[in-house]
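# A look at the structure
Take a look at the letters that make up each chain.
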Amino acid sequence: MKATLLTAMLISSAGAFGASIDEHAHSHPPPEKLGTVHFETTCAAAVRAPFDRAVALLHSFAYDAAANQFREVAARDKTCGIAHWGIAMTTYHPLWSAPSAADLKVGAEELQLARESGVRSERERAFVEAAAVFFSDADPAHHLQRAKAYATQMASVAQRFPKDDEAQLFYALALLATAQPTDRTHDNQKKAAAILEPIYKRLPDHPGVPHYLIHAYDSQELAPKGIAAARAYAKIAPSAPHALHMPSHIFTRLGLWDDSIASNEAARNAARAQGDVGEELHAMDYLTYAFLQRGRVDDARRILNELQAKDALLGQDFKVGYAATAMPVRFAIEREQWGEALALEPLPNTAPHVAALVYWAHALGHAHSGQADLSSADVVNIEACESRSKASGDTSWTTQIGVLANEARGWAAYAARRPDEAVALLRAAAETEDSLEKLPVTPGPIVPAREQLGQLLLALNRPQEALQELTQALKDAPGRRAGLQAAARAAEASGNTGRAPGFAPARRRTGPPLR
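So, on to unusual backbone geometry. With a phi close to 60°, F61 is a non-glycine residue in the positive phi region. By the secondary structure assignment, F61 is in the loop between α1 (48-59) and α2 (63-76). The phi angle at N349 is positive, at roughly 60°, despite the residue not being glycine. Mapped onto the elements, N349 comes out in the loop between α17 (338-343) and α18 (352-368).

What follows is the structure, encoded as structure tokens:
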């Protein structure tokens, strides 16, 4: 059936997505802007525009709002089975954490309702049955296996409907969801970008295209290609807090801190106005990181104060728990405030890869205070997190915890006057981290392992080696303030000022004394 394109500048009468802040009693909220989306369906004409709005929300990862809109469509048109597909897809967060067993159960039930309500076209059936592969069992440990099976099915859907842009977009997203952090060739990301770029030229106002391009280009190798999408996405869908935040993924990769700050301040304010705590804290974490790189400590402290003023946060909510944990860890470690680091505690019910950040902060705090034994005890806590993560089947986060463990062991060895062992452990951590891509939930490691290696070599009075490591660290994480400062000191100490990759106001930094 033909339907006009929905330009998602809708003012929803029920459950409006973008409410304005501090409106005068007689003022009106600004028109909602989510971009231009059209998903062809056999549903009643009266629900086509709301359905397209729901898909626009889905493409900007506004999952709760999308689910509510899909439910409204299903209630208004009992024969619109594809609306239940939409509800199911809001429980699968492909670039975030794996869905829980409860979410998987909901997804499977919604897809069964889709079949019962009626999927009256071959294309609708293809979307439903592809999704059903992902929701085929309720074991969270099978997440990657199911995600790969879903990607294979979406490849088939995209091949069967080569002119269907939505089929191509959901296939591209499935490729991104199954890209392995250990694949530094970025094969899946490049395949996704090859699908997305031609669509971007034809549909420049579609929110999903620049969104997924940003994710495709979120690596040091590809980040320069993502600038155009980063500059565009927030303008296409400013009513979606995630769209306001996403450009900062590219800005962070390129060390464009002022751009990242502007992006995440807008995202934080929009998410707060809409009551989206997860998205608000996600933006605040990126904002804290960017403020610290610009040396704006008071502004970073203000963000931490906002965090501490919030009600008790749930550790089991991964997006909330990660950001609420990472922010104070960043603030303490970047400023070398070891007492603050030691005062931190994991949130209740925190995932092991989140709790490990706190124990890592403790290990560095004890080591830099010269307390080698206590630092070694902290390593035991990190190892326990690593074991828990491994038991869950999450290999990506398990490897990341292993990097933290080696860093902590390295600094403990340094505090215990075993410098060669310390260098070997931090080098091992750096080599492992270099083989991985960061995950989308974070702007990057609290401190890159290779930067730590450079700092250690400086403390050991080996400035030439330190400069080599810090130069490489700054290629992978350009513009990091501490890395620039350390490189400047290493260059000065080694007489190689011409080789320094950039200069920042120097400040003295040393490890604990070897005594």
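A few words on the state of the cysteines. Inspection of every chain in the model, using the stated rule, returns 1 disulfide. Here C43 connects covalently by a disulfide to C80, the sulfurs 2.0 Å from one another. Residues C43 and C80 are joined through a disulfide that is right-handed, its torsion about the S-S bond being 70°. Of the two residues, C43 sits in the loop between β2 (36-37) and α1 while C80 sits in the loop between α2 and α3 (82-89), which places them 37 residues apart along the sequence. Take C43 and C80: they sit in the same class, and that class is buried.

Bringing helix α20 (residues 395-415) into the picture now. Compared with an ideal rise of 1.5 Å per residue, which puts 21 residues at 30 Å, α20 spans 30 Å between its outermost C-alpha atoms and is within 8% of the ideal. In terms of residue burial, α20 counts as a mostly covered element, since 17 of its 21 residues are buried. Once α20 finishes, R417 follows within two positions and takes phi at roughly 65°, a positive value.

Now for the nonpolar core. In this structure, F51, I82, W85, F127 and Y150 are the most contacted members of the largest nonpolar core, which totals 82 residues. Per-element accounting of this core gives the leading share, 10 residues, to helix α7 (residues 165-177). In contact with F127, not counting residues within four places along its chain, are F39, I82, W85, M154, V157, E166, A167 and F170. Judged by nonpolar contacts, the second largest core, of 54 residues, contains Y322, L344, L357 and L457.

Within the secondary structure, R481 sits in helix α24 (residues 481-494). By relative accessible area, R481 is classed as partly exposed at 26%. When the C-alpha positions of R481 and R294 are compared, they lie 7.1 Å apart, and in sequence the two are 187 residues distant.

What follows is about the packing of aromatic side chains. Applying the stated criterion to the full structure yields 17 aromatic pairs. Taken together, a centroid distance of 3.9 Å and an interplanar angle of 25° make the contact between Y92 and F134 stacked. You can see Y92 sitting in the loop between α3 and α4 (101-117) and its partner F134 sitting in helix α5 (residues 122-134), a full 42 residues away along the chain. With relative accessibility at 1%, the residue F134 sits in the buried group. Of the aromatic side chains, those joined through ring pairs into one cluster are F39, F51, F70, W85, F127 and F170. Residue placement shows R123 over the ring face of F39; its charged tip is 4.2 Å from the ring centre.

About the thresholds
Residues numbered from 1 in each chain as written. Predicted model: local features only at pLDDT ≥ 70, side-chain atom pairs only at ≥ 80, totals over all residues. Heavy atoms only, no water. Helix = DSSP H or I, 4+ residues; strand = E, 2+ residues; numbered from the N terminus. Disulfide = S-S within 2.5 Å. Buried < 20%, exposed > 50% of the residue type's maximum accessible area, 1.4 Å probe, protein only. Expected span 1.5 Å × (residues − 1). Core = buried A, V, L, I, M, F, W, Y, C linked by side-chain atoms within 4.5 Å. Contact = heavy atoms within 4.5 Å. Phe/Tyr/Trp six-rings, centres within 6.5 Å; stacked < 30°, edge-to-face > 60°. Lys NZ or Arg CZ within 6 Å of the ring centre and 35° of its normal.

None of this, on its own, says anything about what the molecule does.
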